[in-house]
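For reference, the chains in residue letters:
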Amino acid sequence: MELFGVSVTFLALFAGFGVLIGLLFGFFGMGGSFLVTPALMVMGYETDVAVASGLAFVFATSVIATLKHRDLGQVDYKLGVLMIAGTTGGIEVGKIGLHFLQDLGLADTVVSVIYVLLLGGIGLFVTYTAMGDGDGGGLSPDHDEADGEIDADDIPDIAKKIQSYNIPPMMKLRGGIRVSLWLILGVAFATGLLSGFLGVGGGFIRMPALFYLIGVPVPIAVGTDLFEIVFSGGIGSFLYAMDGAVNLTIVVPLLAGSALGARLGAAATDLVNEDDIKVYFGVMLLLGSIAVAVRQVGNAIDVPVLQTVSLVIIVGAAVLVAGAVVVSSIRELRAESTTTTTSTAD
């Protein structure tokens, strides 16, 4: 059976995939390019079509997720604009470094090693610190960090150190945070440098940087990161669309599913404990580093089946983490419902 000349099974498959990716994207502020582009390449699409269609999907999904985070008061527009400015400069410098290594014939090896080490390192660090914090280290889901002052105990030590430097002009961010404009731009430039060098969107770099280096609460870090992706993804997808590389039969069903998934994922950040968010994020990055390592080994020894194994690992990780997010959200909703019922009875 076909609809507009396209198989209904094909449309349903991509719509379901869109729900999964949208949920992760709305919850973490990253995940789209992690899954869509390699999946399309394994399915046989040309590289430029896979990259362009994935980028167009990420752009549209980030708009949907950002709107939901805005409704929850989890987007710091001032911080987002400053991060965009600093990241843009960093990306350009990163590209220069990448071209230099390409001229030396070392780009593929160096980038692959750094990418795996960075994914695994951030994943281990985030997971270890979140699990080590216990009950006292994270914000409870009913704490309104977007509107009020946040507890100093909830700010990582590195971020406290950065906030302690009084280098005018000082900027006040959501949650009562004060930090130097130059330090914000410095963090943005560093994350942009890595993004440009590695050739990735950088959501997995920016989100932890906003929390661990600047001290922004995790839900606001996710929302602000998504706000940035609206601009970077929009420019990139527009340029690819001008070349005719965006395949709408891929993008449209993906978006149909992600419209639901992104809003569910964004809403979940207001329910799930902040430490749980960090654990899920860390696990996703760890499994992602394994998937990338397997793919690079497959390329090095010319074993194509390892490309499929890599995809299975990352999709399996996405399903596992998305399931954990949904279960945690349902558990929190039930707990809130029980509390409300008990209070009413009293």
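Residues numbered from 1 in each chain as written. Predicted model: local features only at pLDDT ≥ 70, side-chain atom pairs only at ≥ 80, totals over all residues. Heavy atoms only, no water.

A. Examining the packing of aromatic side chains more closely. Inspection of every chain in the model, using the stated rule, returns five aromatic pairs. The interplanar angle of 40° and the centroid separation of 6.5 Å between the aromatic rings of F27 and Y280 together place this pair among those described as tilted. In this pair, F27 sits in helix α1 (residues 8-28) while Y280 sits in helix α11 (residues 274-301), placing the two residues 253 residues apart along the sequence. When its relative accessible area of 0% is taken as the criterion, F27 is described as buried. (Phe/Tyr/Trp six-rings, centres within 6.5 Å; stacked < 30°, edge-to-face > 60°. Helix = DSSP H or I, 4+ residues; strand = E, 2+ residues; numbered from the N terminus. Buried < 20%, exposed > 50% of the residue type's maximum accessible area, 1.4 Å probe, protein only.)

B. Structural view of the pattern of salt bridges. Taken as a whole and judged by the stated rule, the model has four salt bridges. Two residues, D225 and R206, come together in a salt bridge whose shortest N-O distance is 2.7 Å. Here D225 is found in helix α9 (residues 218-242), whereas its partner R206 is found in helix α8 (residues 203-214), with 19 residues between them in sequence. It is possible to trace a salt-bridge network through shared partners that takes in R70, D71 and R263. (Salt bridge = Lys/Arg side-chain N within 4 Å of Asp/Glu carboxyl O.)

C. Examining the packing of helix α4 (residues 77-104) against α8 more closely. At a minimum axis distance of 13 Å, the contact between α4 and α8 shows a crossing angle of 110°. In terms of axis orientation, α4 runs roughly perpendicular to α8. Considering the relative orientation of α4 and α8, their crossing is right-handed. Counted together, L79, M83 and T87 of α4 and R206, L210 and I214 of α8 form the full contact between these two elements. Broken down by class, the residue content of the contact of α4 with α8 amounts to four nonpolar, one polar and one charged. (Axes fitted to C-alpha atoms, helices over the stretch in contact; angles between N-to-C directions. Parallel < 35°, antiparallel > 145°, perpendicular 65-115°, else oblique. Left-handed = near helix turned anticlockwise from the far one by under 90°. Contact = heavy atoms within 4.5 Å. Nonpolar A, V, L, I, M, F, W, Y, C, P; charged D, E, K, R; others polar.)

D. Structural view of the UniProt feature "transmembrane region" (unreviewed entry) in the protein. Per the UniProt record, "transmembrane region" (unreviewed entry) is found at residues 7-29, 49-67, 113-131, 179-204, 210-231, 238-259, 279-297 and 309-330. End C-alpha atoms of residues 49-67 are separated by 27 Å, and the span's content is 100% helix alongside 0% strand. (UniProt positions renumbered as here; feature names shortened; annotations may be inferred.)

E. Here's a closer look at empty space enclosed by the protein. Across all of its chains, the model carries two cavities of 30 Å³ or more by this definition. As a volume, the second largest cavity reaches approximately 30 Å³. Lining the second largest cavity are V126, M207, P208, F211, Y212, V218, K278 and F281. Residue contributions to the lining of the second largest cavity peak at four residues, all from α8. Grouping the amino acids of the lining of the second largest cavity by side-chain chemistry returns seven nonpolar, no polar and one charged. (1 Å grid on protein atoms, 1.4 Å probe; cavity = no way out; pocket = protein on both sides within 12 Å on 5 of 7 lines; lining within 4 Å. Points joined across faces, edges and corners; volume = space filled by probe spheres on them.)

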